[in-house]
Structure formats: C-alpha cells, structure tokens
Amino acid sequence: MGPIREPVADALPMPPSWSFRFVPYGWLTALNGTQTVRGRSVKVDASFIDIVEKSDALVALMGDFEARNGPFVLLGNVAWTKIGLGRDNIRNRTPAPGVTGTLGTSLGLNIEMTIAEVGAAYEVARSGPLAFDVLGGARYWYQQADLSLDVTAAVSVGDVEVVGTRAFARSGSVDWLDPIIGARLRYTVAPGHELVLRGDIGGFGVGSDFSWQAIGAYGFELGTYQGISFSGVIGYRALYVDYAQGEGRQRYEFEMLQHGPVLGLSARF
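Remember, it's a predicted structure, so these values are computed and weren't measured experimentally.

Engineer: Looking at this structure, I do not really get the pattern of salt bridges. What am I missing?
Structural biologist: Side chains carrying opposite charge are able to pair once their charged atoms draw close together. The tally for this structure, following the rule as stated, stands at 16 salt bridges. One salt bridge connects Arg-251 with Glu-247, and the closest N-O pair in it is separated by 3.8 Å. A single network of salt bridges, built from pairs that share partners, joins Arg-21, Glu-66, Arg-68, Glu-123, Arg-126, Asp-133, Arg-184, Arg-186 and Glu-194.

The following block contains the structure:
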C-alpha cells in the first residue's frame, strides 16, 4: 500500500481587485431657464449652436472618474464651464420684490460654473447582461454671474456697477452642496459594448430646492494599448437645478436646465 496522501484543499478564490476608468468628455450643453443677479432676472434660452456662434466666451473642462472593486464603485465627476451670452439669448423678466427703478434691455450674461460630484454605487441585482446599481453622494455647485444691462434715464443703480451706458450686476461667488440619491442600469450589448442609463434627484431644500439628472450613454471598445483599454463614449446628459438665496437686491437665483450630447474617450486600467 502506497503512502497516504493528504487531500488537496480547494484553492481559495482571489479577492476582487480594483479597476479604474477615466473619461475626459465634452458636453455640448444648451441652457433654458432663469438667472437672477442682485434681484434682476433674465430668461435664458440658448442652444449649443447659439452658445458657440454668439458666446463672448466659451471654455469647458470636464472629466468622469470611476473606481470599481466587485459590486462596489466610487464615482467622481467635474465639469467647469465659462459661458458668455448676448442679447439674442436673454430677455428681461420682472425684478425681485424690493427692486425699484428700471434698467433697459439686457445686453449680456457671463456665467462661470463648476459642478463636482462625488459618491458611491453598489450593484444590488444582476440578470445575465443586465445589472442594476443604487447610488448616493453629493453634488457641489460654484458660480459667478455677471449681468450687463443698458442704463435708462430713470434708474436706481446704487447696488450695481455703471460703466458708460452699461450697468453690471455682479453676483460674486455663490456655492452650495446638494445631497443626491439615484440608480443606474447597465446593459452589456456585446463584448466591449455597454449601454448605461442613470438618474438621480437631489437638493431637498438642503442646498437647492430641488435638482434632477438623467444620463444615457453608450460605450464601445476601441482597443487596448499597454494594458489600458480605450473606448468611445456617446450619449446625452440633462441636469436641472432650482436654487435661490436672498431677497430684494440681494436675490440670487439659478433655475436652469442644462442639456445636450456628450462625447468622450474612456481609458480603463
């Protein structure tokens, strides 16, 4: 009889490792809503084409980051824009209560804005190529808005800056933080091809009164170089927020829908 052999224990499964994805992207955004600076309100209606053709300034830097370990995901997103709009895309609205005197036609609106999101998602269900995540986190807003108006003969401009025939209402720095909750649906169409649908709501009176976001994106693998997988990303993003602070001449309000196509390049490693 040969030597007794000890049973070989089953190899323990390797714990899931972290993977990372970075997506620099462009958001071809349109603006529809109301902007109020120092109690003076304008209606904004500008498509992306309007912004490109008529904007005095158009700068944007945007990126999305994801770190995954099994079903757990850390999320991050930053979008910084600086947009200048002319009189064709804005029109005066009724000033806030307590703002007396009149200003003439709105001549321009310049907005500098940073939107930063951080959060986490967790996969709670999966069926074949379909996966469902819940997510939560926070969305930080930073803005500066300058509204220029034509000065009329009868006007009270004690709280605005007058340069020649123009009056400038300047908001200074305005920022707030919105908690957000949402969900994400991921569908693997084919190897290297994924459709993602995401929705979230936030604000709840903590920062803004209310906000919502909807994103649909399709990713398609382009190839691998030195261990990094590259994919193209196309989609559509819509983001709405209703924020207000102050009264009368201190009133600042940003009630705006930003929406448009998204184009990006994903790097996964």
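Engineer: Any chance you could explain the layout of surface pockets here in plain terms?
Structural biologist: Empty space among the atoms can be located by rolling a probe the size of a water molecule over them. If you add up the space inside the largest pocket, you get close to 950 Å³. Along the walls of the largest pocket sit 47 residues, with Arg-21, Glu-66, Arg-184, Glu-194 and Val-196 positioned nearest its centre. The class makeup of the residues in the lining of the largest pocket is 18 nonpolar, 15 polar and 14 charged.

Engineer: Even after reading the chapter, I still don't get the packing of aromatic side chains, so can you show me in this structure?
Structural biologist: Each aromatic ring pair is summarised here by two numbers: the centre-to-centre distance and the angle between the ring planes. A complete count under the given rule lists eight aromatic pairs for this structure. It is Arg-237 that lies over the ring of Trp-27; its NZ or CZ is 4.5 Å from the centre.

Engineer: Honestly, the confidence of the model for the protein chain in this entry has me stumped. Any pointers?
Structural biologist: The predicted coordinates should not be examined in detail at positions where pLDDT is low. Mean pLDDT for the protein chain: 87, with 81% of residues reaching 70 or above. Within the protein chain, the lowest mean pLDDT, 62, falls on strand 9 (residues 161-163), and the highest, 98, falls on strand 12 (residues 193-202).

Engineer: Any chance you could explain empty space enclosed by the protein here in plain terms?
Structural biologist: Applying the stated criterion across every chain, the model contains one cavity of 30 Å³ or more. Volume-wise, the largest cavity comes out at about 40 Å³. Those elements giving two or more residues to the lining of the largest cavity turn out to be strand 5 (72-86) and strand 7 (106-127). A breakdown of the residues in the lining of the largest cavity according to their chemical character gives six nonpolar, three polar and no charged.

Engineer: Teacher, can you tell me more about the pairing of strand 2 (residues 30-37) here?
Structural biologist: In regular strands, side chains alternate between the two faces of the sheet. The buried count for strand 2 comes to seven of eight residues, which makes it a mostly enclosed element. Relative to strand 15 (residues 252-268), strand 2 runs antiparallel, the two sharing eight bridges. When the sheet's bridge partners are listed, Thr-34 is paired in strand 15 with Glu-255. Sheet analysis places strand 2 next to strand 3 (residues 40-46), joined by seven bridges and oriented antiparallel. Following the sheet pairing, Gln-35 is matched in strand 3 by Val-42.

Here is what the cut-offs are and how they apply
Residues numbered from 1 in each chain as written. Predicted model: local features only at pLDDT ≥ 70, side-chain atom pairs only at ≥ 80, totals over all residues. Heavy atoms only, no water. Salt bridge = Lys/Arg side-chain N within 4 Å of Asp/Glu carboxyl O. 1 Å grid on protein atoms, 1.4 Å probe; cavity = no way out; pocket = protein on both sides within 12 Å on 5 of 7 lines; lining within 4 Å. Points joined across faces, edges and corners; volume = space filled by probe spheres on them. Nonpolar A, V, L, I, M, F, W, Y, C, P; charged D, E, K, R; others polar. Phe/Tyr/Trp six-rings, centres within 6.5 Å; stacked < 30°, edge-to-face > 60°. Lys NZ or Arg CZ within 6 Å of the ring centre and 35° of its normal. pLDDT = per-residue confidence, 0-100. Helix = DSSP H or I, 4+ residues; strand = E, 2+ residues; numbered from the N terminus. Buried < 20%, exposed > 50% of the residue type's maximum accessible area, 1.4 Å probe, protein only. Pairing = 2+ DSSP bridges.

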